[in-house]
Amino acid sequence: MNALHELRFVRPSSLDDAARELAADGAQALAGGTDLLPNLRRGLGEPRALVDLSAVAGLAAIERRADGGLRLGAMVTLAALAGDDGVRAGWPALARAAGLVAGPTHREAATLAGNLCQDTRCVFYNQSEWWRAGNGYCLKFRGDTCHVVVKSDRCYATYHGDVAPALIVLGAEADIVGPGGRRTIPLAALFREDGAQRLTLAPGEWLAGVEVPPPGRWRAAYEKARVRDAVDFPLAGVAVALARDGDRLAGLRVVITGTNSAPLVVPTDSLVGAAWDDAAAQALVTAVRTTSNVLATTVATVRYRRRMLQALARKLADDLWVESAPR
Ligand SMILES: Cc1cc2nc3c(=O)[nH]c(=O)nc-3n(C[C@H](O)[C@H](O)[C@H](O)COP(=O)(O)OP(=O)(O)OC[C@H]3O[C@@H](n4cnc5c(N)ncnc54)[C@H](O)[C@@H]3O)c2cc1C
């Protein structure tokens, strides 16, 4: 790891001050720092200023809305999210996804917004400066060639966040603050499937929080495959939310992570309205396979990650269907 480059460090205490600081050219948000600081110390990025959001009033709160939904501040730690009784009771898939990120000490510092906005990863990118220089850098940073898909004009680095897929199947929305004011978008629209331009935030925009609707008739679950259970990114991760009406599937949402440059929604509309049976499960597996684009961006093989993705999707949907059976 290198020493950090020269930069300005600011720690605003109000939302307005944070917005002003983050609107400045070359400013970047700092949350728990567990993703950003190791990257900067490897020479991956050179922000002129880091805007530490840890002192901004109100950003670390988990609040219950009047309609029974949740308002989650950007700086809620993953430990708080995973351990909150209300979240565990009403949105267990969200608590589980947060609780599966990295290891326990890590989750004490890591935050919701930092998790959602984390950088994409690749075996040709998450390396030391001398390693990357020796390989002529890559399309994501300083180079002009993607070493994963050599003739490509876009970067295929992979999004490995655990929390986004769970929140997307729960119908969450992102609360964004920026020079143009405040706006709310479906969380899935925060992401772009481009490893080098991974977020749709405009210059100066940042995430202030996430809104989660009441669970209603939906049951959801999240699982991931990783090498070391104690501390690893998802090599393949799947979130599923399912609504059952008697013997009919009344709704199905599936989102995958760890395999593409963004968490991706798998199309499932054709399955809704019928029973959940083996043919439906096979159709879901096919939809997962055609939506995902597993490439050699991690140390685990493409074949393993592809198969795990499909197996997890089927297992989660099977289990949720059984759990939702009328009693
Ligand atoms: C060993 C190790 C294991 C890991 N395992 C996992 C894992 O299993 N699953 C997983 O999902 N992640 C994992 N991570 C990645 C990362 O640590 C986590 O995603 C963590 O939640 C990031 O949160 P943070 O608060 O530390 O973010 P930071 O490092 O502070 O920020 C991450 C990025 O988000 C941006 N950002 C932060 N806050 C905002 C905001 N409010 N608005 C806009 N942009 C913002 C920052 O500018 C930066 O680009 C791992 C990292 C390490 C080092």
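Before reading on, note that the structure itself is shown above.
This part takes up empty space enclosed by the protein. Throughout the structure, instances matching the rule amount to two cavities of 30 Å³ or more. Considered as a void within the structure, the largest cavity measures approximately 80 Å³ in volume. Lining of the largest cavity is provided by 13 residues; of these, Cys122, Cys138, Lys140, Cys146 and Cys155 occupy positions nearest its centre. Its residues assigned to classes, the lining of the largest cavity comprises ten nonpolar, two polar and one charged. Approximately 50 Å³ is the volume attributed to the second largest cavity. Lining the second largest cavity, in full, are Arg154, Tyr156, Ala157, Thr158, Glu193, Thr259, Asn260, Ser261, Asn293, Leu295 and Thr297.

Residue placement: Glu46 occurs in the loop between helix 2 (36–41) and strand 3 (49–52). Residues Glu46 and Ala133, spaced 87 residues apart in sequence, show a C-alpha to C-alpha distance of 16 Å. If we ignore the near neighbours within four places in the chain, the residues touching Glu46 are His5 and Arg142.

Once that is clear, we can look at the environment of Trp276. On the secondary structure map, Trp276 appears in the loop between strand 12 (264–266) and helix 10 (278–291). Its relative accessible area of 8% is what places Trp276 among the buried residues. For the pair Trp276 and Trp321, spaced 45 residues apart in sequence, the C-alpha separation works out to 7.2 Å. Non-local contacts of Trp276, meaning those with residues more than four positions away in its chain, are made with Leu249, Leu252, Leu271, Ala281, Leu284, Ala317, Asp318 and Trp321. Polar side-chain contacts of Trp276 include one of 2.8 Å to the side chain of Asp318.

All right, on to the site of the ligand then. Residues in contact with the ligand amount to 33 residues; listed here are only the nearest, Ala29, Thr34, His106, Thr111 and Asp162. Between the ligand and Thr34, the relevant distance is 2.5 Å, taken from an oxygen atom to a side-chain nitrogen or oxygen of the residue. With respect to the ligand, the side chain of Asp162 contributes an N or O atom lying 2.7 Å from a nitrogen atom. Of all elements in the fold, only strand 2 (27–30), helix 7 (112–116) and strand 8 (206–212) reach the threshold of two or more residues within the shell around the ligand. Grouping the amino acids of the shell around the ligand by side-chain chemistry returns 17 nonpolar, eleven polar and five charged.

Taken together, three strands build an open sheet; the order of strands is 1-3-2 and the sheet is parallel. Strands at the two margins of the open sheet, each flanked by one partner only, are strand 1 (8–10) and strand 2. Here the average twist between neighbouring strands, direction ignored, is 25°. Bridge analysis of strand 1 against strand 3 gives three bridges, and the strand direction is parallel. Its bridge partner being in strand 3, Arg8 is matched across the sheet by Ala49.

Let's shift gears to the pairing of strand 10 (residues 236–245). Put simply, side chains in a regular strand alternate between the two faces of the sheet. The buried fraction of strand 10 is high, at eight of ten residues. Alignment of strand 9 (residues 219–225) against strand 10, held across seven bridges, turns out to be antiparallel. Bridge pairing links Arg219 to Leu242 in strand 10. Judged from the nine bridges that link them, strand 10 and strand 11 (residues 248–257) form a sheet pairing that is antiparallel. Note that in strand 11 the partner of Leu242 across the bridge is Leu252. The turn linking strand 10 back onto strand 11 is made up of two residues, and Gly246 within it adopts a positive phi angle of 65°.

What counts and how
- Residues numbered from 1 in each chain as written.
- Predicted model: local features only at pLDDT ≥ 70, side-chain atom pairs only at ≥ 80, totals over all residues.
- Heavy atoms only, no water.
- 1 Å grid on protein atoms, 1.4 Å probe; cavity = no way out; pocket = protein on both sides within 12 Å on 5 of 7 lines; lining within 4 Å.
- Points joined across faces, edges and corners; volume = space filled by probe spheres on them.
- Nonpolar A, V, L, I, M, F, W, Y, C, P; charged D, E, K, R; others polar.
- Helix = DSSP H or I, 4+ residues; strand = E, 2+ residues; numbered from the N terminus.
- Contact = heavy atoms within 4.5 Å.
- Buried < 20%, exposed > 50% of the residue type's maximum accessible area, 1.4 Å probe, protein only.
- Polar contact = N/O pair within 3.5 Å; in protein donor to acceptor, adjacent residues only side chain to side chain.
- Near = heavy atom within 4 Å.
- Pairing = 2+ DSSP bridges.
- Axes fitted to C-alpha atoms, helices over the stretch in contact; angles between N-to-C directions.

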